[in-house]
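Observations on the model geometry
Residues per chain are reported as follows:
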Amino acid sequence: MKKWGILFFILLCGVIWQAISVYHAALETKQSLQSKALERAKREVAFTDIDRVYTYYGEQAYVVFVGTGRNGKKYIVWVPEKKGHVVVKRADRGITEKEAVSKLKEERNPKRLISVKPGMEKGVPLWELTYIDEYNRYSFYYLSFEDGTFLKRYSFQQ
């Protein structure tokens, strides 16, 4: 009986070790993507502080940095995962996260807000709002970063 217990313990340790290895490998890929994107972003904006980093997966993946430049102004920088043009916008040249949420609440009345993050589709900077709607569907709502214009929305049943 002791042999089975020892064997089970060794097997359990092996499974845990493999799970941790897979998790670290997955994180390493994302961190590598972010570090390469940060190098490209720093060529465009001299950040003194980076407040938040988002990864947006749309037609093309983007890493989005929100931070403060040397001049003290807030910037949002969209860096494509692959080749492409880095887009830099001053944060005060578009709608804020709070304004995007307010617009969502006015127009869609969500049950629960899940996330709000900047993204990019077809060269248009946007806000992606993820929420649970009145029918308990997982929903996405997209607004233009520059003026808050509605771009698209879609939902699917969980």
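Reference entry: report on the structure contained in this document. (Residues numbered from 1 in each chain as written. Predicted model: local features only at pLDDT ≥ 70, side-chain atom pairs only at ≥ 80, totals over all residues. Heavy atoms only, no water.)

**Digging into the overall build of the protein chain**
Helix and strand counts for the protein chain stand at two helices and eight strands. Listed by position from the N terminus, the elements making up the protein chain come as α-β-β-β-β-α-β-β-β-β. A globule of 158 residues ought to have a C-alpha radius of gyration of about 15 Å, yet the protein chain, at 21 Å, is considerably larger. Overall size of the protein chain, expressed as C-alpha extent along the three principal axes, is 70 × 45 × 25 Å. (Helix = DSSP H or I, 4+ residues; strand = E, 2+ residues; numbered from the N terminus. Rg over C-alpha atoms; globule rule 2.2 N^0.38 Å.)

**Let's talk about the sheet that holds strand β1 (residues 47-57)**
Ordered by their spatial adjacency, four strands build an open sheet running β1-β2-β3-β4, and the pairing between neighbours is antiparallel. Both edges of this open sheet fall to β1 and β4 (87-90), since each of them pairs with a single strand only. Averaged over all pairs of adjacent strands, the angle between strand axes in this sheet comes to 20°, irrespective of strand direction. The sheet contact formed by β1 and strand β2 (residues 61-69) spans nine bridges and is antiparallel. Note on β2: the bridge partner recorded for D49 is T68. (Pairing = 2+ DSSP bridges. Axes fitted to C-alpha atoms, helices over the stretch in contact; angles between N-to-C directions.)

**Remarks on the packing of aromatic side chains**
In this structure the tally under the stated criterion is eight aromatic pairs. Relative to F140, the ring of Y138 has its centre 5.4 Å away and its plane inclined at 75°; by these criteria the two rings are edge-to-face. Using a relative accessible area of 24% as the deciding quantity, one classes Y138 as partly exposed. Using a relative accessible area of 12% as the deciding quantity, one classes F140 as buried. An aromatic cluster of three or more residues is present, and its members are Y138, F140, Y142, Y154 and F156. (Phe/Tyr/Trp six-rings, centres within 6.5 Å; stacked < 30°, edge-to-face > 60°. Buried < 20%, exposed > 50% of the residue type's maximum accessible area, 1.4 Å probe, protein only.)

**Structural notes on the pairing of strand β6 (residues 124-132)**
Counting buried positions along β6 yields eight of nine residues, so the element is predominantly enclosed. Of the pairings in the sheet, the one linking strand β5 (residues 112-121) to β6 comprises nine bridges and is antiparallel in character. Across the sheet, S115 pairs through a bridge with T130, a residue of β6. Hairpin connection between β5 and β6: a loop of two residues separates the two successive antiparallel strands, and K122 in this loop has a positive phi of roughly 50°. Hairpin connection, β6 to strand β7 (residues 137-144): the antiparallel pair is bridged by four residues, and N136 has positive phi, about 60°.

**Some thoughts on the sheet that holds β7**
Read across the open sheet, the four strands follow the order β5-β6-β7-β8; overall the sheet is antiparallel. Strands with a single pairing partner mark the edges of an open sheet, and in this sheet they are β5 and β8 (150-157). The mean inter-strand angle of the sheet, taken between neighbouring strand axes irrespective of direction, is 20°. Bridging between β6 and β7 involves seven bridges; their strand directions are antiparallel. Looking across to β7, one finds that Y131 is bridged to S139. Together, β5, β6, β7 and β8 form the strand contacts of helix α2 (residues 97-108), whose direction differs from that of β6 by roughly 55°. (Contact = heavy atoms within 4.5 Å.)

**Some remarks on unusual backbone geometry**
Here N109, not a glycine, exhibits a phi torsion of approximately 50°, which is positive. Positioned with a positive phi, N136 is a non-glycine residue whose angle comes to about 60°. Within the secondary structure, N136 is located in the loop between β6 and β7.

**Topic: the pattern of salt bridges**
Tallied over the full model, the rule gives six salt bridges. One salt bridge connects D51 with K74, and the closest N-O pair in it is separated by 2.1 Å. In this pair, D51 sits in strand β1 while K74 sits in strand β3 (residues 74-80), placing the two residues 23 residues apart along the sequence. Judged by relative accessible area, D51 falls into the partly exposed class, the value being 34%. Where D133 meets R137, a salt bridge forms, and the shortest distance between an N and an O atom there is 2.8 Å. (Salt bridge = Lys/Arg side-chain N within 4 Å of Asp/Glu carboxyl O.)

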